[in-house]
Amino acid sequence: MSGMFGRLYRGETTFNFVGRRWWGFGISLAFVVVTFISLFAQGLNLGIDFKGGVAWEVPATTITVEDVRAILEANKIPTADAKIQVLNGADGKRIRAQVGEISTSTRTVVQTALSAKAQVDVQEVSVASVSSSWGRSITEKAVRALLIFFVIVSMYIAWRFEWKMAIAAILAMVHDVLISVGVYATFGFSVTPATVIAFLTILGFSLYDTIVVFDKVHENTTRYSASKVSYGDIINVSMNQVLMRSINTSLAAVLPVLSLLVLGSWVMGAIALQEFALALLVGLLLGAYSSIYIATPLLAVFKGRELKFRTLQGSLRLGEEMARLGATSKKVVTRTPGDGASATSTQSDIERETVLASSALSHPPRPRKNRRR
Amino acid sequence: MARRLYLSLLGIVVLVGSLLAGNLLAGNVPSLGLDLQGGASVTLQPEGDFTPSALAQAVDIISQRVNALGVSEPEITRQGNNVVVNLPGVNDQQKALDIIGRQGELLLRPVLQAGTLNTDTATSIPGTDTTIAGSKTSVVDTTIAATEGGPGSVRSRGAATTIPASTDTTVPASSDSTVPAVATTAPAANISVSEDTTDPNVNAVLLGQNGEAYLVGPAGATGKVFTNNAQAVINNGNWTVTVELRKGADGADLWNALTTKCFNRDATCPTARIAIALDGTVISAPTVREAVFTGGNVQISGDFSQSEARDLAKILEFGAVPVKFKVATVQTVSPTLGKDSLRAAIISGLIGVLLVMAFFFVYYRMLTIVVVGGLMVSSALLWSIIALISRSNGLALTLSGVAGIIVSIGVTVDSYVVFFERIKDELHAGKSLRSSAQRSFTLAWRTILAADTVSFLGALVLWWLTVGSVRGFAFFLGLSTLCDVIVAYFFTRPAVLLLARSKFLSGRKVLGVALPESSAQ
């Protein structure tokens, strides 16, 4: 295994994340601006669970669910999120069709069409306005809970790591949700309770991902605390070390979602899966992106101003030098070759020892002059 | 060391296996939501006077009542003034009515006399001069006291009024028919007694849950004096129920007027007891220990069992719906999406998970065995819990719920990735698999725990403070996070450590590093 993938695999890549942080910030800022513009220009397309709408009930004499759907479509009412159900009670079978808010004239037109199709009097087809099932109190409680959640999580991160990490993590989370909402506003996708749940899932994933990256940064900070290494370097080294893990986790999370979207909703025709899978896909990609390009570089900006790191600011070790920094911290283990079998692998052993080494995390870095070249 | 690892591995597999088998034998399967399976639809029509805000509050209370755990995802809408409650997975119309509950007017009525019913259909209702005894055999031994800590609240240690139960207390099978007879003969004074047990303005004889009979006066207050936050807690080793009073004329003032009367053994409340009656049945009849509840907290104690205390708390919490409803229609509803969508979700989701496994196999090679095993254990665990809660708390999986679970499988593999990447680092440094596995787990465990704690905290806060589908989401997030931690510690750790010790992996390529033929012992 060699070349680019090999180095990626061994965590020896030398991408300069911190140096290119303004790229990430710039792109994200552009997206956030687009989000706000489309939010104010056209707003979110809220589904019937949020806005309520109209419901007809017709006795199910000869009329079927398909007939009702056809009538709705003939009147140019979108049926993608319409709820058409068969009710079975003491007074016989009825079909209930619930759609979003429409004009009074269309209500009457549909009512007449339904009664004609079912061959009953117009009076027997009821029309009623329906409130949202997702009431205002649900939204209010959820928003309040989210705010409290942010506070508690910040406190936890501040206690477990440090408060600057808490701010960076929360900002990255807000960034993810903002842009996901922006995608919905820009393309006018219908927002349903499932979408909200998907956004919350994204929040959770993004936060989880960020914590894993921060854990590495935190660990490396302690490791380099004795030496003169800038915070940007620490972050660059940490990011390159966890890059493969980030890619793997994101792939593992995205694959089922992609399968739901492509196979489930497009090939097998379960349209209802589409919006949920879409929201998740957008969010998962954003979550992976933001922990690398937003949360960690933000942390570099915050921490770079600290007294300890200020003097070192601006001096980033790149390329070979970064690789060496990552490697010097690894303890060089000279394994006494066992009998027979391992003798053949001495050549690769030597190579390995020179280039890298173990992550002997509890050990202080070896002095650079002792490095074997 | 190895023995403990085997034990842990075996323990979790056996535990999860028996959970799964138990659920399968009991016939518990996850029930499906309104969109996939349909359910029952109940239309409630408000009666009498009500304000829009009271109606909105009533809808809130009903939705909390049918969705206390937050996992059943009912659909509650208002059509005009009617409230339509769609319950998923309920095909029995009577069951739907049971879930929504009786109309639930909670009345607090002073007890004039109390006694028990026995086989002779003659009742032994003690006279107004109650015996003071510490008898443990008393039927109802409950008291009300202000909770400690409230300003100026002194728990008075007055003698408890208890009613000695005749030892041969049995409840006649047809207790209903005997009640009027009791009512007309028992009281010494001529007290007019109404047969309508729910009319708050007249005296009535009410039955308790265990065969006690109470002669109660006109209601002094309704359940509205309490806020909706009753809790069952353990206090001094006993289950007690605490509830807060609403402030103002409709709350604390009304309550205190009633308790003052009872505490002073006024003519309207000679027994000093207050019956908490829901729809004409006395749920509890505690003795008042305090004249005025200045602290705003009410504590009801007695020899409750845990479930009795919980029930009482639930009734105090949800019992008082501010609007009275009558059931207009009960119907079953068909699913809006149907099973085709479910099949599509499951098939495509499983293909997705298979793809993940294939990718893992290419990348982590033999260690993928552990991932597959771990996923099987956690899926079985998750499935068992979902099936169990489907039965007990009306959990119903919607299409997005199913999709969410499939996605969560993809996300949980992260703990494996974190762990394996650590091992990889150590292996590249030339350590043996055996020594690196142990050390890597210790390090990875810290990371996993930190990340999972954050997820779990989030789930807890969201579950605690929200309602509806957000609460359902929080429940599943918390559940899958817990599963992740459990599986990581009790399955993945011993599995990897044991694999690292065994000869199985020696001579194979693990994580891109060729292991020597004989693994270092």
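Because the structure is predicted, anything quoted here is derived from the model rather than measured.

1. Details of the overall build of chain B
Line of reasoning, step 1. For chain B, the count of helices and strands is 13 helices and 20 strands.
Line of reasoning, step 2. The buried share of chain B, taken over its 521 residues, is 49%.
Line of reasoning, step 3. If you take every contact in chain B between residues at least 6 apart in sequence, the share linking residues at least 24 apart comes to 76%.

2. Focus on the confidence of the model for chain B
Residue and element names in this part refer to chain B.
Line of reasoning, step 1. Confidence in the prediction for chain B averages 73 pLDDT; 76% of positions are at 70 or higher.
Line of reasoning, step 2. Considering only residues more than four positions removed or in separate chains, one finds that residues 119-141, a stretch of pLDDT under 50, has 47 contacts.
Line of reasoning, step 3. Predicted confidence for residues 146-189 stays below pLDDT 50, and this span has 91 contacts to residues more than four positions away or in other chains.
Line of reasoning, step 4. Predicted as a complex, the structure gets a pTM of 0.66 and an ipTM equal to 0.73.

3. Points about the interface of chain A and chain B
Line of reasoning, step 1. At the interface, 79 residues of chain A touch 73 residues of chain B.
Line of reasoning, step 2. Of all elements in the fold, only β3 (83-89), β5 (126-130), α6 (136-160), α8 (193-223), α9 (231-267), α10 (271-304) and α13 (346-355) of chain A reach the threshold of two or more residues within the side of chain A that touches chain B.
Line of reasoning, step 3. For the side of chain A that touches chain B, the leading source of residues is α9 of chain A, giving 15 residues.
Line of reasoning, step 4. Here the residues of the side of chain A that touches chain B are counted per class, giving 47 nonpolar, 20 polar and twelve charged.
Line of reasoning, step 5. Bridge analysis of β3 of chain A against strand β17 (residues 324-333) of chain B gives three bridges, and the strand direction is antiparallel. Pairing of Leu-87 of chain A across the sheet is with Val-333 of chain B, part of β17 of chain B.

4. Digging into the packing of helix α4 (residues 65-74) of chain A against helix α5 (residues 104-118) of chain A
All names here are of chain A.
Line of reasoning, step 1. Running from amino to carboxyl end, α4 crosses α5 at an angle of 145 degrees, the nearest separation of the two axes being 10 Å. Handedness of the α4/α5 crossing: right-handed. Note on element contacts: α5 touches α4 through Val-110, Ala-113, Leu-114 and Lys-117, opposite Asp-67, Val-68, Ile-71 and Leu-72.
Line of reasoning, step 2. Residues that form the contact of α4 with α5 fall into these classes: six nonpolar, no polar and two charged.

5. Here we look at the pairing of strand β3 (residues 75-79) of chain B
All names here are of chain B.
Line of reasoning, step 1. Most of β3 sits inside the fold, with four of its five residues counted as buried.
Line of reasoning, step 2. Here β3 runs beside strand β4 (residues 82-88); their pairing, made up of five bridges, is antiparallel. Residue pairing in the sheet places Gln-79 in a bridge with Asn-82 of β4.
Line of reasoning, step 3. Hairpin geometry of β3 and β4 is characterised by an intervening segment of two residues between the two adjacent antiparallel strands and by a positive phi of about 65 degrees at Gly-80.

6. Here we look at helix α1 (residues 2-26) of chain B
Residues and elements named next belong to chain B.
Line of reasoning, step 1. Under the 1.5 Å per step criterion, the end-to-end length of α1 is 36 Å for 25 residues, consistent within 8% with the ideal 36 Å.
Line of reasoning, step 2. Restricting attention to buried positions, one finds in α1 the residues Leu-9, Ile-12, Val-16 and Asn-23.
Line of reasoning, step 3. Of the surrounding elements, those touching the buried residues of α1 are α9 (368-393) and α13 (468-501).
Line of reasoning, step 4. Just beyond α1, the residue with positive phi is Gly-27, at close to 75 degrees.

7. Some words on the packing of helix α7 (residues 163-187) of chain A against α10 of chain A
Residues and elements named next belong to chain A.
Line of reasoning, step 1. At a minimum axis separation of 8 Å, α7 and α10 run at an interaxial angle of 145 degrees. As for how α7 packs across α10, the hand of that crossing is right-handed.
Line of reasoning, step 2. Per-class residue counts for the contact of α7 with α10 are 16 nonpolar, six polar and three charged.

8. Here's the deal with the pairing of strand β16 (residues 297-304) of chain B
Residue and element names in this part refer to chain B.
Line of reasoning, step 1. Counted residue by residue, β16 has six buried out of eight residues, so it is predominantly covered.
Line of reasoning, step 2. Both strand β12 (residues 238-244) and β16 contribute to a ladder of six bridges, which runs antiparallel. By the bridge assignment for β16, Val-243 is matched with Val-298.

9. What about the environment of Ile-405 of chain B?
Line of reasoning, step 1. Inspection of the secondary structure puts Ile-405 of chain B in helix α10 (residues 399-412).
Line of reasoning, step 2. Sequence-wise, Ile-405 of chain B and Leu-477 of chain B are 72 residues apart; in three dimensions their C-alpha atoms are separated by 9.2 Å.

10. A short note on the confidence of the model for chain A
Do not read the fine detail of predicted coordinates wherever pLDDT is low.
All names here are of chain A.
Line of reasoning, step 1. Of the residues in chain A, 78% have a pLDDT of 70 or more, and the chain-wide mean is 76.
Line of reasoning, step 2. The least confident element of chain A is α13, whose mean pLDDT is 43; the most confident is α7, at 87.
Line of reasoning, step 3. pLDDT under 50 marks residues 328-362. Its contacts with residues more than four places away, or in other chains, come to 55 contacts.

11. Examining the nonpolar core
Line of reasoning, step 1. Ala-169 and Leu-273 of chain A together with Ala-403 of chain B are the most contacted members of the largest nonpolar core, which has 140 residues in total.
Line of reasoning, step 2. Of the residues forming this core, the biggest block, 19 residues, is contributed by α10 of chain A.
Line of reasoning, step 3. Once residues within four sequence positions are removed from consideration, Ala-403 of chain B is found in contact with Leu-260, Leu-273, Phe-276 and Ala-277 of chain A together with Ala-345 and Gly-349 of chain B.
Line of reasoning, step 4. Residues Leu-106, Ala-221, Ala-230 and Val-282 of chain B belong to the second largest nonpolar core, which totals 48 residues.

Scoring rules and cut-offs
Residues numbered from 1 in each chain as written. Chains lettered and ligands numbered in written order. Predicted model: local features only at pLDDT ≥ 70, side-chain atom pairs only at ≥ 80, totals over all residues. Helix = DSSP H or I, 4+ residues; strand = E, 2+ residues; numbered from the N terminus. Buried ≥ 20, exposed ≤ 12 C-beta atoms within 10 Å, placed from the backbone. Contact = placed C-beta atoms within 7 Å. pLDDT = per-residue confidence, 0-100. Nonpolar A, V, L, I, M, F, W, Y, C, P; charged D, E, K, R; others polar. Pairing = 2+ DSSP bridges. Axes fitted to C-alpha atoms, helices over the stretch in contact; angles between N-to-C directions. Left-handed = near helix turned anticlockwise from the far one by under 90°. Expected span 1.5 Å × (residues − 1). Core = buried A, V, L, I, M, F, W, Y, C linked by C-beta atoms within 7 Å.

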